[in-house]
Amino acid sequence: MTIYQFIADSKKVTALTGETAMISKRIGGDFSTMSGKVSGIIVDLEPSRRIVQAWRRNDFPEGIFSMATFTFKETTEGGTELTLTHRGVPKALIPDVEEGWRKNYWDMIRNALKTLSSSGEQKK
């Protein structure tokens, strides 16, 4: 299992967050996570390397999208470094969106990787 799958695979994201996710595996395809609270379009995709999404929460003003770019880089230790650059979030919603990433993804990914590591599966 890879960190990439925790961002790009519908079944893995659904299992991780406990919320329904449907994520296209093609440029121009739609995605929806958090049971429809977040949605958008896959703008660019290099499997296991980069994902760019036109991203919006359902509480964004009508027609407003932000851009979320995930980059994945192998580390010398055999793991994966994930970098998220998220631009264009409406200013009043930035603290809540940041907290959402922490609570709904980063903390859960950390916990999942600890569980995988203790069960002997490779964390990458």
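**Student:** Any chance you could explain helix α3 (residues 94-118) here in plain terms?
**Tutor:** Structurally, the α-helix is built with 3.6 residues per turn, so residues lying three or four positions apart point the same way. Here α3 spans 35 Å end to end across 25 residues, near enough to the 36 Å set by a 1.5 Å rise per residue. In the structure, α3 departs most strongly from a straight axis at Arg-102, where the bend amounts to approximately 35°. Taken together, the buried positions of α3 are Val-97, Gly-100, Trp-101, Asn-104, Tyr-105, Ile-109, Leu-113 and Leu-116. Against α1 (3-8), α2 (10-17), β2 (30-33), β4 (50-57), β5 (66-74) and β6 (80-87) lie the buried residues of α3.

**Student:** It is not clear to me how α2 should be interpreted in this structure. Could you clarify?
**Tutor:** Val-13, Leu-16 and Thr-17 are the residues of α2 that are buried. Buried residues of α2, viewed axially, fall in a sector of 80°; they line one side. Seen from the open side of α2, the exposed residues pointing more than 90 degrees away from its buried face are Lys-11 and Ala-15. The elements touched by buried residues of α2 are α1, β1 (22-23), β2 and α3. Structurally, the start of α2 carries an N-cap: the backbone nitrogen of Lys-11 is 3.1 Å from a side-chain oxygen of Asp-9. Gly-18 lies just past α2 and shows a positive phi near 75°.

**Student:** Sorry, what's going on with the pairing of β6 here?
**Tutor:** A regular strand places its side chains on the two faces of the sheet in alternate fashion. As judged from the eight bridges shared by β5 and β6, these two strands associate in the antiparallel manner. Its bridge partner lying in β6, Phe-72 is registered against Leu-82. With antiparallel pairing between neighbouring strands as the criterion, β5 and β6 make up a hairpin whose turn holds five residues, including Gly-78 at a positive phi of roughly 95°.

**Student:** Would you explain the environment of Ile-7 in this entry?
**Tutor:** Assignment of secondary structure puts Ile-7 in helix α1. Here Ile-7 falls in the buried class, since its relative accessible area comes to 5%. When the C-alpha positions of Ile-7 and Ala-21 are compared, they lie 10.0 Å apart, and in sequence the two are 14 residues distant.

**Student:** How should the nonpolar core be read in this particular structure?
**Tutor:** Taken as a class, soluble globular proteins show a tendency for nonpolar side chains to be buried jointly. Ile-7, Ile-51, Trp-55, Phe-70, Phe-72, Val-97 and Tyr-105 are the most contacted members of the largest nonpolar core, which totals 28 residues. At the level of secondary structure, the elements contributing two or more residues to this core comprise α1, α2, β3 (38-46), β4, β5 and α3. Each residue touching Ile-7, except ones within four places of it in the same chain, is listed here: Val-13, Ile-23, Ile-51, Phe-70, Phe-72, Leu-82, Tyr-105, Trp-106 and Ile-109.

So, how was this worked out
Residues numbered from 1 in each chain as written. Predicted model: local features only at pLDDT ≥ 70, side-chain atom pairs only at ≥ 80, totals over all residues. Heavy atoms only, no water. Helix = DSSP H or I, 4+ residues; strand = E, 2+ residues; numbered from the N terminus. Expected span 1.5 Å × (residues − 1). Bend = angle between axes of the 7 residues up to and from the residue. Buried < 20%, exposed > 50% of the residue type's maximum accessible area, 1.4 Å probe, protein only. Contact = heavy atoms within 4.5 Å. Arc of directions from axis to C-beta. Polar contact = N/O pair within 3.5 Å; in protein donor to acceptor, adjacent residues only side chain to side chain. Pairing = 2+ DSSP bridges. Core = buried A, V, L, I, M, F, W, Y, C linked by side-chain atoms within 4.5 Å.

Any functional reading would require information beyond the geometric quantities listed.
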